[in-house]
Amino acid sequence: NKSRLPEAAALVNKALKLQPDNKLAHHELAQIKIAEKATDEAIKALEFNVCREDLHGDSLDLWMDVLRSNNRSRYMQEQLEALTTKYPKKVEFAFGFAVAAHRAGEFTLARPAFERSLKLLPNSHKILYEFGVMERVAGHIEKSQSLILRSLELNPEQPAGLRTYGVDHKYQYGDTQFNRLNMVAAGITDMKPMEQVQIHFGLAKAFDDVGELDAAFRHYAIGGAKKRKEDPYRERDSERMFKLMTQIVCRQRFDADKQRGCESELPVFVLGMPRSGTSLLEQILSSHPDIFGAGELKLMTSVLDNIGFSQARLKLGDPEPTFPYEDDASWATRGQRYVDRLAKLAPKKYARVVDKMPGNFNYVGLIHAVMPKARIIHSRRHPVETCLSIYRILFAEGHPWSYDLGNLGRYYRRYWNLMKHWRTEFPGVMYEVRYEDNVADVEGEARKLIEYLGLPWNDNCLNFYNNDRPVKTASASQVRKPIYTTSTNRWRKYEKYLGPLLEEIGDIVAEYEAEIAHLTPKA
């Protein structure tokens, strides 16, 4: 009750005067400050309980949640790292730091922190699960499955563990995992909403594997509907941003501004829709000794936020601050700050560093403005193959448009039209690769890619599936395998379930299939 917050605060302050070290009172004070939207005061109250050897566990969890929700993940990670050093025997700090480093994509820091956490608390199903997720993201699938299986042995009914293990498990009728999943699903009505989502996506994958497609798509639909309720999609906002980008970022305004961006050739952007082959391209490129694959970097939104573009300013939401520059920084300053950060992420000096964030397709014209010599590679794949693959995934974060076939189709059309805009307004700025061409001629396409990057050919690029580097994406396991041509036209068996999607993008499908007609075997 908001009207009683002052009364509650008075009581808590009275308790703190009597007992200044009362951790429960500090925790209650923090909750009051959160309700009052006094975030800094809430953090201060929580840190009284957190930054000490006899920490208050609930305060640590709340502190991490508050920092994450207020775009202060980097601060949180740095504080946890310092606390881990100061109190090396406290598993809460080691584990918190491991999770924070993992979410930042910094696996070289996360792995030893997870290992230290397990030494301190060997039978923690939570640590085993999170460690397993990290190893899966890093592409170490066997190790990941082993860790998650150990987690499930300790806590057999954890929905997230069951679903994640199932991603790389081929279900069969009667196998242990299928039976366990069904047993846990029997209690789904007593679960929290996100646990229910995990179970539905787990069941969908299991039924998909055994060919019960009616059941699979029923669970995809129910799981997606529950996920949308927890993470609503604001379609009007999405539509407005696409429209704004095409109106403001055009050749006429670009030429009128007369700014010049950073001239570095270090950055390579691999972008496109999720599940369109971006991970495969990054893996091929990063197999070259002069190219480092940095993964999916959450940097461009803050690089470009509030950018001046021919007397207009583009606000891209509320991104986490990444760089110490003023709001009206020049194109060159923005580009240079990005390049500096990119160089620091690579373990040594490389000729090219790849940022494989698919969503950067939104910013092609702006990326070209701030870094005119950056290489931009657009990965394309059959529209239905792409959308079907997206629809069947429970993403770790983001992509709220992906859990309904109609929303997904309309989003895809906006992406399709935006890419046409970039081609028209900035011809030649993007190098475009079709996934189907990659499958048909791996070496030929790889050679053209390396040539586009201005580097000499290296045969390592053909052994990309042996490249032992992190792949922070839902495609982690796929890029460890040679390319199989069966992955290019699988959607037909699902066609009867995709009506709302096909209604939205039917004409786009026809257009794309005409482009790849030369690859279709003749009868």
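Look up: the structure comes first, before these words.
Residues numbered from 1 in each chain as written. Predicted model: local features only at pLDDT ≥ 70, side-chain atom pairs only at ≥ 80, totals over all residues. Heavy atoms only, no water.

S.K.: Please give an account of the pattern of salt bridges that cites residues and values.
M.R.: A complete count under the given rule lists 38 salt bridges for this structure. In this structure, Asp 168 engages Arg 136 in a salt bridge whose closest nitrogen and oxygen atoms are separated by 2.7 Å. Separated by 32 residues along the polypeptide, Asp 168 in the loop between helix H10 (159–167) and helix H11 (176–185) and Arg 136 in helix H8 (residues 125–137) bring together distant segments of the chain. Relative accessible area serves as the criterion here: at 24%, Asp 168 is assigned to the partly exposed category. (Salt bridge = Lys/Arg side-chain N within 4 Å of Asp/Glu carboxyl O. Helix = DSSP H or I, 4+ residues; strand = E, 2+ residues; numbered from the N terminus. Buried < 20%, exposed > 50% of the residue type's maximum accessible area, 1.4 Å probe, protein only.)

S.K.: Before we move on, can you summarise the environment of Val 353 with the specific residues and values?
M.R.: Structurally, Val 353 can be placed in strand S5 (residues 352–355). Sequence separation between Val 353 and Phe 269 is 84 residues; the distance between their C-alpha atoms is 8.6 Å. In this structure Val 353 touches Leu 266, Pro 267, Val 268, Phe 292, Ala 294, Leu 342 and Ala 346, once residues within four positions along its chain are discounted. (Contact = heavy atoms within 4.5 Å.)

S.K.: Give a description of the side chain of Ser 379 that names residues and reports values.
M.R.: Among the secondary structure elements, Ser 379 is positioned in strand S6 (residues 375–380). A distance of 2.9 Å separates a polar side-chain atom of Ser 379 from the backbone oxygen of Ser 276. The residues contacting Ser 379, other than those within four sequence positions of it, are Leu 271, Gly 272, Ser 276, Gly 277, Thr 278, Leu 281, Tyr 415 and Val 433. (Polar contact = N/O pair within 3.5 Å; in protein donor to acceptor, adjacent residues only side chain to side chain.)

S.K.: Tell me about the pairing of S5, and please be specific about residues and values.
M.R.: Side-chain alternation along S5 places Arg 352 and Val 354 on one buried face and Val 353 and Asp 355 on a second face that is also buried. Here three bridges tie strand S1 (residues 267–271) to S5, and the two strands are oriented parallel to one another. Residue pairing for S5: Val 268 is matched across the bridge by Val 354. In the sheet, strand S2 (residues 291–293) pairs with S5 via three bridges, with the strands oriented parallel. Looking at S5, one finds that Gly 293 is bridged to Val 354. (Pairing = 2+ DSSP bridges.)

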